[in-house]
Every structure is written in C-alpha cells, then in structure tokens.
Amino acid sequence: MNDHQPVSGTKRRNTIILVSCGVLALGAIGVLFVLPAETGIDPTGFGKTSGLTQIANPEAGKFLERGLKRKDVFTRSASPLAPAPGVSDHWTHVLHPYEEIELKYALDKGAAITFAWSADGPLAYDMHAHPFDGGEELTESYSIDTADRQSGRYVAAFSGIHGWHWQNRSMAPVRLTLDASGKISGSKMLDGRSEQDRTLTPKEN
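Residues numbered from 1 in each chain as written. Predicted model: local features only at pLDDT ≥ 70, side-chain atom pairs only at ≥ 80, totals over all residues. Heavy atoms only, no water.

Trainee: Give a detailed account of the overall build of the chain, specifying residues and quantitative values.
Mentor: If you tally the helices and strands in the chain, you get three helices and nine strands. Here the chain holds 205 residues, and 41% of them are scored as buried. A fraction of 79% describes how many contacts in the chain between residues 6 or more apart in sequence connect residues 24 or more apart. (Helix = DSSP H or I, 4+ residues; strand = E, 2+ residues; numbered from the N terminus. Buried < 20%, exposed > 50% of the residue type's maximum accessible area, 1.4 Å probe, protein only. Contact = heavy atoms within 4.5 Å.)

Trainee: Please provide a residue-by-residue account of the pairing of strand β8 (residues 186-190), values included.
Mentor: Burial runs high along β8: four of the five residues are buried. Where strand β3 (residues 100-107) lies against β8, five bridges are found, and the strand directions are antiparallel. What sits directly across from A106, in β8, is G186. Bridging between β8 and strand β9 (residues 195-198) involves four bridges; their strand directions are antiparallel. Across the sheet, residue S187 finds its bridge partner in β9, namely R198. Hairpin connection from β8 to β9: four residues lie between these consecutive antiparallel strands, with G192 at a positive phi of about 95°. (Pairing = 2+ DSSP bridges.)

Trainee: I'd love a proper account of the nonpolar core, names of residues and values included.
Mentor: Y105, F115, Y154, W166, L176 and L178 are the most contacted members of the largest nonpolar core, which totals 31 residues. Secondary-structure elements contributing two or more residues to this core are β2 (87-95), β3, β4 (112-131), β5 (140-155), β6 (160-167) and β7 (174-182). The element best represented in this core is β4, accounting for eight residues. (Core = buried A, V, L, I, M, F, W, Y, C linked by side-chain atoms within 4.5 Å.)

Trainee: Which residues make up the pattern of salt bridges, and what are the values?
Mentor: As enumerated under the stated definition, the model contains six salt bridges in all. Notably, a salt bridge pairs R70 with E140, separated by 2.8 Å at the nearest N-O pair. Of this pair, R70 sits in the loop between α3 (60-68) and β1 (74-76) while E140 sits in strand β5, placing them 70 residues apart in sequence. Look at R70 and you get partly exposed, because its relative accessible area is 35%. (Salt bridge = Lys/Arg side-chain N within 4 Å of Asp/Glu carboxyl O.)

Trainee: How would you sum up the side chain of H165? Please name residues and give values.
Mentor: Summarising the element assignment, H165 is placed in strand β6. Looking at H165, its side chain comes within polar contact range of the side chain of E100, at 2.5 Å. (Polar contact = N/O pair within 3.5 Å; in protein donor to acceptor, adjacent residues only side chain to side chain.)

Trainee: Explain the environment of H130 to me, and be specific about the residues and the numbers.
Mentor: Mapped onto the elements of the fold, H130 is located in strand β4. Once residues lying within four places of it in the same chain are set aside, the contact partners of H130 are K104, G135, E136, L138, T139, F158, G160 and I161.

Trainee: Explain the side chain of T114 residue by residue, including any values.
Mentor: With respect to the element layout, T114 can be found in strand β4. We classify T114 as buried; its relative accessible area is 9%. Polar side-chain contacts of T114 include one of 3.2 Å to the backbone oxygen of A82. In terms of polar contacts, T114 uses its side chain to reach the backbone amide nitrogen of A84, at 3.4 Å.

Right under this line is the structure:
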C-alpha cells in the first residue's frame, strides 16, 4: 500500500495544478476579453488596444435614440429583398472569438441599398452611420442587437459612411456573409486597429 502513496500524491498535485491553471485562464479571459466587450471595463488597457471596448460604447444608447427618430431610413425585411439598382457587393469574413469587424459603405444622401447579412452563430451588431461633415460625433444607430442575420432596405439620411459593426462574443469562430446592392460609391473596413479602403466585390454567379 505504501508503494502507491507517492504516485497517488503526484496525481492529486497534478490535478490541483491543472484546475488552478484552468481557473487562472478563465480569469484572464474575463479580464482581457469579456469585461471590455460586455461592459467597457478595461483594467489592462488591452480592450482599448484591441478595439473590444468599442462595442460597449456608453454612448450607444444616445446614438440609437438619435437614429430611431429618423423615418423611412431602415426598413427591416423577414427575407432578402430584390437587388437595388446600382452596384452589388458580396463579402464574407470569419470572426474569431471576441474578434470584431466593421464594414461601411459611402452613400450620398437619399441613396438606397438593399442588404442581407447572415452568420453561422450569433453576433453582437450595431447598424449605424455618420456624416462626412461632423464625423463620428454625429453618429446615428438604427439597430443594435445580437442576432445571426438581418436584412432590409436602407436609405441614407445624409451623405456619409453607413454600415455595421459586428463582434463575436463566443469562444467559437463565426462566419459572416453580407450581400448588398444599390447606389454605393465606396467601401471601408475597420478591424478595431486600422481602417482600409476595400474594393466592392460582386457575387459570382
């Protein structure tokens, strides 16, 4: 019996070490990812550097209140609508755990687009816009929620940048696909660290 005690003790120590490491890892994930994304609390500064705190913007409510005062800007549809006259764009992107992405279209005032995006998992999103003149301080949000799809018709209330911010708040990758068409004059993509111009990519038949 005594010959087996050291082995048993080693197993217990290994189990304690593994459990402790798991607890520490979960704590680190909470501090580095969950708190900045869900609440905007960023004790390490990693949330600001990675862009995770943007989705928890405390001004989001103000932006949504401002946007919902608009009439006939965003009309939701239960299923994808027919393409709008103009150009078309097809885009897909894989969002890794707690990753965010933002895609915007340059639209003139009164320009109409139809769109449909879908994902193979739920994404936190903010559909919003801001004018060229005045910038992000004049941001308006038209829909903030968590879902795996959205489609409808959108008419720009002003000339500016219009689009979506998505974030994957799960521990599994999520594939996102967007189709849009209409009087789009340009597109930009932001990953929380940098902004890049992107070329519109019509869907291949």
